[in-house]
Amino acid sequence: MNKNVWVIQEVYYPDEVGGAYFMTKLAEGLSGSYNVNVLCGYPVYTARGIIVPKHERLNGVDVRRCLATRFNKNKIILRLINLLTITISIFFHTFFRVRKHDIVFVVTTPPLLPFFISFACYMRGAKCILRIDDIYPDTLIATGLFSKENIFMKFFSYMNKILYQSFENIVVLGRDMEHLVKKKLGSAPQQITIIPNWADIDLIKPVPKEENILLNELGLSNKFIINLAGNMGLAQGIENLLKAVE
């Protein structure tokens, strides 16, 4: 019988934000070799409001959605409540469903999720792999929300070092992130694997400007275009892009 793999993340299809897209494709790709299960929340981003079942099978993947609050995510306090409730909800599902020797794949969003899942895997005797999309508390410091000297940030940084050491394997997106994670781990022997994000090259590929449907529709075929493929949030440094344009 194939080994059980659990993909654990707040967002999953039909949400199509970056993390949801990559983890959906990863789960579906693994389903050819493993019994793949997903624990996630209900749609809250691009597919917010779409009615989806609590439990369904999608493209060979067993998907279970966990209940949580869905307050207005644009208000920071309400968003924090949402992140806390989905973290706790996913934790309980993980604790009671994961079995010994299962493989669990978890991401760093929400920030507390990997802490809870690492503990659940330890208690259940499951193997746990961490995919790092965001490095905390570095992201919070870089955005200016907190000072590097803040005592809570220092404690958070120490706890993240302990967290990284609890995983059997860590997946990062590139060399710079690998270097930063190694620095945090110090002499700890955790294996780090680089797996870059990818694009569907059958769907997304270069075409001449005059053949680009979107540019023609917007009347931009003869314009110089800069495309940002990613989020426009506090941590993305959009001002740097604007300075480069200037």
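Because the structure is predicted, anything quoted here is derived from the model rather than measured.

Here is what the cut-offs are and how they apply
- Residues numbered from 1 in each chain as written.
- Predicted model: local features only at pLDDT ≥ 70, side-chain atom pairs only at ≥ 80, totals over all residues.
- Heavy atoms only, no water.
- Helix = DSSP H or I, 4+ residues; strand = E, 2+ residues; numbered from the N terminus.
- Rg over C-alpha atoms; globule rule 2.2 N^0.38 Å.
- Buried < 20%, exposed > 50% of the residue type's maximum accessible area, 1.4 Å probe, protein only.
- Contact = heavy atoms within 4.5 Å.
- Areas by Shrake-Rupley, 256 points an atom, 1.4 Å probe, with all protein chains shown as cover.
- Lys, Arg positive; Asp, Glu negative; His and termini not counted.
- Charge placed at Lys NZ, Arg CZ, Asp CG, Glu CD.
- Pairing = 2+ DSSP bridges.
- Axes fitted to C-alpha atoms, helices over the stretch in contact; angles between N-to-C directions.
- Phe/Tyr/Trp six-rings, centres within 6.5 Å; stacked < 30°, edge-to-face > 60°.
- Lys NZ or Arg CZ within 6 Å of the ring centre and 35° of its normal.
- Parallel < 35°, antiparallel > 145°, perpendicular 65-115°, else oblique.
- Left-handed = near helix turned anticlockwise from the far one by under 90°.
- Nonpolar A, V, L, I, M, F, W, Y, C, P; charged D, E, K, R; others polar.
- Right-handed = clockwise from strand over helix to strand, strands pointing away.

## Quick notes on the overall build of the chain
Step number 1: Each helix and strand counted, the chain has eight helices and eight strands in total.
Step number 2: In terms of overall size, the chain behaves like a compact globule, its C-alpha atoms giving a radius of gyration of 20 Å where 246 residues would be expected to give roughly 18 Å.
Step number 3: When its C-alpha atoms are laid out on the principal axes, the chain stretches across 60 × 45 × 35 Å.
Step number 4: Split into buried and exposed, the 246 residues of the chain put 36% on the buried side.
Step number 5: Restricting the contact set of the chain to residue pairs at least 6 apart, pairs at least 24 apart contribute 62%.
Step number 6: Total accessible area computed for the chain in this model is approximately 15200 Å², and 59% of it derives from carbon and sulfur atoms.
Step number 7: With 28 positive and 21 negative side-chain charges, the chain shows a spacing of 8 Å between the two charge centroids.

## Topic: the sheet that holds strand β6 (residues 127-131)
Step number 1: Spatially, the eight strands line up as an open sheet ordered β3-β4-β2-β1-β5-β6-β7-β8, and their pairing is mixed. The open sheet has two edge strands with one neighbour each: β3 (55-58) and β8 (191-194). Each strand of the sheet is rotated relative to its neighbour by a mean of 20°, with strand direction disregarded.
Step number 2: In the packing of helix α3 (residues 113-124) onto the sheet, the strands contacted are β1 (4-8), β5 (103-107) and β6, and the crossing angle to β5 comes to about 165°.

## Remarks on the packing of aromatic side chains
Note on aromatic pairs: each is described by the distance of the centres and the angle between the planes.
Step number 1: Following the criterion strictly, the structure yields eight aromatic pairs and no others.
Step number 2: Judged by centre distance (5.3 Å) and plane angle (65°), the ring pair of Phe-91 and Phe-92 falls under edge-to-face.
Step number 3: Judged by relative accessible area, which is 11%, Phe-91 ranks as buried.
Step number 4: Under the relative-accessibility criterion, Phe-92 is labelled partly exposed at 44%.
Step number 5: A network of ring pairs unites the aromatic residues Phe-91, Phe-92, Phe-95, Phe-96, Phe-116 and Phe-119 as a single cluster.
Step number 6: Its end group placed over the ring of Phe-95, Arg-124 keeps NZ or CZ at 5.5 Å from the ring centre.

## Here we look at the packing of helix α2 (residues 76-97) against α3
Step number 1: At a closest axis distance of 9 Å, the pairing of α2 and α3 adopts a crossing angle of 15°. Relative to α3, α2 is oriented roughly parallel. Helix-helix and strand crossings are classified by hand; for α2 and α3 the assignment is right-handed. Of the residues in α3, those touching α2 at Thr-87, Ile-88, Ile-90, Phe-91, Thr-94 and Phe-95 are Leu-113, Phe-116, Ile-117, Phe-119, Ala-120, Met-123 and Arg-124.
Step number 2: Tallied by class, residues from the contact of α2 with α3 come to ten nonpolar, two polar and one charged.

## Digging into the pairing of β6
In regular strands, side chains alternate between the two faces of the sheet.
Step number 1: Where β5 lies against β6, five bridges are found, and the strand directions are parallel. Looking at β6, one finds that Phe-105 is bridged to Ile-129.
Step number 2: What joins β5 to β6 is α3, and the crossover it makes is right-handed.
Step number 3: Where β6 meets strand β7 (residues 169-172), three bridges bridge the pair, whose relative direction is parallel.

## Observations regarding unusual backbone geometry
Step number 1: Cis geometry is found at the peptide bond from Thr-109 to Pro-110, where omega equals -5°.
Step number 2: With respect to the helices and strands, Pro-110 occurs in the loop between β5 and α3.
Step number 3: A cis amide bond, omega 0°, links Tyr-136 with the succeeding residue Pro-137.
Step number 4: One non-glycine residue, His-101, lies in positive phi territory at about 75°.
Step number 5: Within the secondary structure layout, His-101 lies in the loop between α2 and β5.
Step number 6: Among the residues examined, His-101 registers a relative accessible area of 48% and is labelled partly exposed.

From the geometry alone we can't say anything about function, so treat these as descriptive.
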